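Analysis of the macromolecular model
What follows is the residue order along each chain.
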Amino acid sequence: LVSAFVAGTTVFLVCALSEALKGRIGAPIWAPPLGSVSLIFTTDAVAAAREGKVLSAGQILDKAVKTGSAVAGACCLAVLITQLFGASPLGRALAVGGSYLWMVFCPIASVFPPTAAFCALYVDQAIAGGPIGKLMYTYAITPCFTGTALTLIICRLLVGII
């Protein structure tokens, strides 16, 4: 019950912040894959709370570096693949496959499955001419990296408070 509350509240807070800052930063902070990210980070935060380490700066920083580099790097690769091969089903497949290769071979990244969803979303938006597809490399920074980092921090803080 706590996990459902934290994950849902985190999604609400990231969405609210995204709406509040939309005009100021020129890109959203929220993207749909962050829903699954909130569930993953809530599960991690609850486990860390059982060990008394929910607000451990070292653990939070380590997870932020590993997931942030996975998401940002793979999404930059997805944009590049889309530019080289076009916004198409083939581009989507290459972006998802490339995201896995990035996570495996980047020495500071970890395998973080929502990364593939971020990459597929970018290509789908590029195919449809949607707003996310027009962000180009900015997409890797926000919403992908920034949204993931904020989701991590908010989950940890909420579990720490509860």
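Computed from a prediction, not measured in an experiment: that's the story for all the values here. (Residues numbered from 1 in each chain as written. Predicted model: local features only at pLDDT ≥ 70, side-chain atom pairs only at ≥ 80, totals over all residues. Heavy atoms only, no water.)

**Points about the overall build of the protein chain**
Convention followed: Strands here mean DSSP runs of E at least two residues long; helices mean DSSP runs of H or I at least four residues long; both are numbered from the N terminus. Working definition: with a 1.4 Å probe on protein chains only, accessible area under 20% of the residue-type maximum means buried, over 50% means exposed, and in between means partly exposed. To be clear on the numbers: accessible area is Shrake-Rupley with a 1.4 Å probe, and residue cover counts the displayed protein chains and nothing else. Only four residue types enter the charge count, namely Lys and Arg as positive and Asp and Glu as negative; His and the chain termini do not. Here the site of a charge means atom NZ of a Lys, CZ of an Arg, CG of an Asp or CD of a Glu.
Summing up its helical and strand segments, the protein chain has six helices and zero strands in all. Start at the N end of the protein chain and walk to the C end: the helices and strands fall as α-α-α-α-α-α. In terms of overall dimensions, the protein chain has a C-alpha envelope of 50 × 35 × 25 Å along the principal axes. Out of the 162 residues in the protein chain, the part that is buried amounts to 44%. Roughly 7,800 Å² of accessible area belongs to the protein chain as shown, and the carbon and sulfur atoms make up 72% of that amount. When the 9 basic and 5 acidic side-chain charges of the protein chain are each reduced to a single mean position, those positions are 3 Å apart.

**Side note on a nonpolar patch on the surface**
The following threshold applies: Patch definition: residues above 30% relative accessible area lacking any salt bridge, with like charges linked at up to 9 Å and the nonpolar side chains Val, Leu, Ile, Met, Phe, Trp and Tyr linked at up to 5 Å. A pairing counts as a salt bridge when a side-chain nitrogen of Lys or Arg comes within 4 Å of a carboxyl oxygen of Asp or Glu.
Side chains of Val 2, Phe 5, Leu 55, Ile 153, Leu 157, Ile 161 and Ile 162 sit close together on the surface and give an oily, nonpolar patch of about 700 Å² of accessible area. Looking at the nonpolar patch, the elements with two or more residues in it are α1 (2-25) and α6 (138-161). It is α6 that provides the largest number of residues to the nonpolar patch, a total of three residues. Relative to the helices and strands, Leu 157 is located in helix α6.

**A short note on the nonpolar core**
Defined as follows: The criterion is simple. A nonpolar core is a set of buried Ala, Val, Leu, Ile, Met, Phe, Trp, Tyr and Cys residues joined through side-chain atoms within 4.5 Å. Contacts are assigned to residue pairs that have any heavy atoms within 4.5 Å of one another.
Among the nonpolar cores identified, the biggest contains 39 residues, and Cys 75, Phe 112, Phe 118 and Tyr 139 are the most heavily contacted of them. Elements that contribute at least two residues to this core include exactly α1, α2 (34-50), α3 (57-85), α4 (89-105), α5 (114-128) and α6. Looking at which element gives the most residues to this core, the answer is α6, with eight residues. Ignoring anything within four residues of it in the chain, the contact list for Phe 118 reads Ala 31, Pro 33, Leu 34, Val 37, Val 71, Cys 75, Tyr 139, Cys 144 and Thr 148.

**Quick word on the packing of aromatic side chains**
To keep it simple, the criterion reads: Geometry of aromatic contacts follows a simple scheme: Phe, Tyr and Trp rings, the Trp one being its six-membered ring, pair when their centres are within 6.5 Å, and the pair is stacked under 30 degrees between planes, edge-to-face over 60, tilted otherwise.
With the rule as written, the count across this model stands at two aromatic pairs. Taking 5.5 Å as the distance between ring centres and 15° as the angle between the ring planes, the aromatic pair formed by Phe 41 and Phe 112 counts as stacked. Placement of Phe 41 in helix α2 and of Phe 112 in the loop between α4 and α5 is noted, with a sequence separation of 71 residues between them. Pair check on accessibility: Phe 41 and Phe 112 agree, each one buried.

**Concerning the confidence of the model for the protein chain**
The line we're drawing: Values of pLDDT, which run from 0 to 100, indicate the predictor's confidence residue by residue.
Mean pLDDT over the protein chain: 96, with 100% of residues reaching 70 or higher. Least confident of the elements in the protein chain is α1, whose mean pLDDT is 95; most confident is α5, at 98.

**Notes on the pattern of salt bridges**
This structure, assessed with the given rule, holds four salt bridges. Between Lys 22 and Glu 19 there is a salt bridge, and its shortest N-O distance comes to 3.3 Å. Highlighted residues: Lys 22 and Glu 19, both in helix α1, separated by three residues, approximately one helical turn. Lys 22 sits in the partly exposed class, given a relative accessible area of 45%. For Asp 44, the salt bridge identified is with Lys 63, shortest N-O distance 2.9 Å. Of the two residues, Asp 44 sits in helix α2 while Lys 63 sits in helix α3, which places them 19 residues apart along the sequence.

**Concerning α6**
Here is the rule: Under the convention used throughout, the expected extent of a helix is 1.5 Å for every residue step, that is, one less than its residue count. In this scheme, the bend at a residue equals the angle between the axes fitted to the seven residues that finish there and the seven that begin there.
Over its 24 residues, α6 extends 33 Å from the first C-alpha to the last, a length consistent with the 34 Å expected when each residue adds 1.5 Å. Its axis deflected by about 25° at Gly 147, α6 carries its strongest bend there.

**Some remarks on unusual backbone geometry**
With an omega of 25°, the peptide bond between Thr 142 and Pro 143 qualifies as cis. On the secondary structure map, Pro 143 appears in helix α6. Located in the positive-phi region is Met 136, a residue other than glycine, with phi close to 55°. As for its position among the elements, Met 136 is in the loop between α5 and α6.

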